[in-house]
Amino acid sequence: MNKKLYVISGSSGVGKGTVLKGFLKKNPEFMLSISCTTRKPRPGEVDGVNYFFLSKDEFQNCIDNDKFLEWAEFAGNFYGTKKKYINQCLEQGKDIILEIDTQGALQVKKRMPEAVLIFICPPSYEALENRLRGRHTEDEETIQKRLEQAKIELERAERFDYKILNDDLEKAICALENVINKERNNA
Ligand code: 5GP
């Protein structure tokens, strides 16, 4: 079977984290990359588990030393994937999943054209807004920034290899499994 890098993107609030969690529960052999961010942790988030939480200076230092496979500014914060971990996993023959924004996904595709880009779509823009508001993790200004960003992300999704609609969690998990199984079995 072919070991690959899978990149999952989707607008903030689309539920991509939940789809991914469901997928990983059924397919625990996949490695999930832990990103670096300058965003402050949300309640319950743990450094080294959800993200590596860095200061702006620490993040800049990683950029200057070419430590990132990709990085992007998203809604006022910086996010990036360290090269080291990705390379280690691929060298060890492990399939790896990145959950990153569309700017980062397209950077990865440029550097690694064999990477598979998968976009998780919301049933509608209104559904996205409702979910984003319903989770009560962001203030109004941040919600507005994320909704603006969502429009841009939907446009960039046109350049992805696959799109999966998340209007039903179980169906979305199955669709993700189908896409990944198809790619894994492609020699
Ligand atoms: P959140 O702040 O909600 O955790 O993430 C905001 C956005 O940043 C999401 O779209 C998420 O996929 C994206 N993101 C998380 N990690 C990375 C990363 O390492 N690189 C890039 N480019 N985006 C990331």
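This section reports on the structure supplied with the text. (Residues numbered from 1 in each chain as written. Predicted model: local features only at pLDDT ≥ 70, side-chain atom pairs only at ≥ 80, totals over all residues. Heavy atoms only, no water.)

This part is about the site of the ligand. Taken together, 16 residues are adjacent to the ligand, and Ser35, Arg39, Tyr51, Tyr79 and Asp101 come closest. At 2.5 Å from an oxygen atom of the ligand is found a side-chain nitrogen or oxygen belonging to tyrosine 79. Taking glycine 80, its main chain carries an N or O atom lying 3.1 Å from an oxygen atom of the ligand. The site holding the ligand turns out to be the largest pocket. Elements represented by at least two residues in the shell around the ligand include exactly β5 (68-74) and β6 (77-82). In terms of residue class, the shell around the ligand is made up of 5 nonpolar, 4 polar and 7 charged. (Near = heavy atom within 4 Å. Polar contact = N/O pair within 3.5 Å; in protein donor to acceptor, adjacent residues only side chain to side chain. 1 Å grid on protein atoms, 1.4 Å probe; cavity = no way out; pocket = protein on both sides within 12 Å on 5 of 7 lines; lining within 4 Å. Sits in = over half its atoms within 2 Å of the grid points. Helix = DSSP H or I, 4+ residues; strand = E, 2+ residues; numbered from the N terminus. Nonpolar A, V, L, I, M, F, W, Y, C, P; charged D, E, K, R; others polar.)

This paragraph deals with the sheet that holds strand β2 (residues 31-32). Reading across the sheet, the 5 strands line up as β2-β7-β1-β8-β9 and stay open at both edges, with parallel pairing between neighbours. Both edges of this open sheet fall to β2 and β9 (162-165), since each of them pairs with a single strand only. Relative to the sheet, helix α3 (residues 83-91) contacts β1 (5-10), β2 and β7 (96-99), its axis offset from that of β7 by approximately 155°. Relative to β1, helix α4 (residues 102-111) is tilted by about 155°, and along the sheet it contacts β1, β7 and β8 (116-121). (Pairing = 2+ DSSP bridges. Contact = heavy atoms within 4.5 Å. Axes fitted to C-alpha atoms, helices over the stretch in contact; angles between N-to-C directions.)

Next up on the list: the layout of surface pockets. Estimated volume of the largest pocket: approximately 1200 Å³. As for the largest pocket, its lining consists of 36 residues, of which Lys16, Gly17, Arg42, Tyr51 and Glu99 are closest to the centre. Of all the elements in the fold, those that place two or more residues in the lining of the largest pocket are α1 (16-26), β5, β6 and α6 (140-156). Among the elements that take part in the lining of the largest pocket, α1 stands out by supplying 6 residues, more than any other. When the residues that make up the lining of the largest pocket are grouped by side-chain class, the tally is 11 nonpolar, 13 polar and 12 charged. (Points joined across faces, edges and corners; volume = space filled by probe spheres on them.)

Judged by nonpolar contacts, the single largest core of 21 residues is most densely connected at Ile97, Ile118, Leu176 and Ile180. Where this core is concerned, the elements lending two or more residues are β1, α1, β8, β9 and α7 (169-185). At 5 residues, α7 tops the list of elements feeding residues into this core. Once residues lying within four places of it in the same chain are set aside, the contact partners of leucine 176 are Ile8, Val19, Leu20, Phe23, Ile118 and Ile164. The next biggest cluster of nonpolar side chains, apart from the first, holds 18 residues, and it includes Ile86, Ile96, Ala115 and Phe160. (Core = buried A, V, L, I, M, F, W, Y, C linked by side-chain atoms within 4.5 Å. Buried < 20%, exposed > 50% of the residue type's maximum accessible area, 1.4 Å probe, protein only.)

Another point: the state of the cysteines. By the definition in use, this model includes 0 disulfides. Residue cysteine 121 stays outside any disulfide, its sulfur separated by 17 Å from that of cysteine 174, the closest cysteine. The class of cysteine 121 is buried, set by a relative accessible area of 14%. (Disulfide = S-S within 2.5 Å.)

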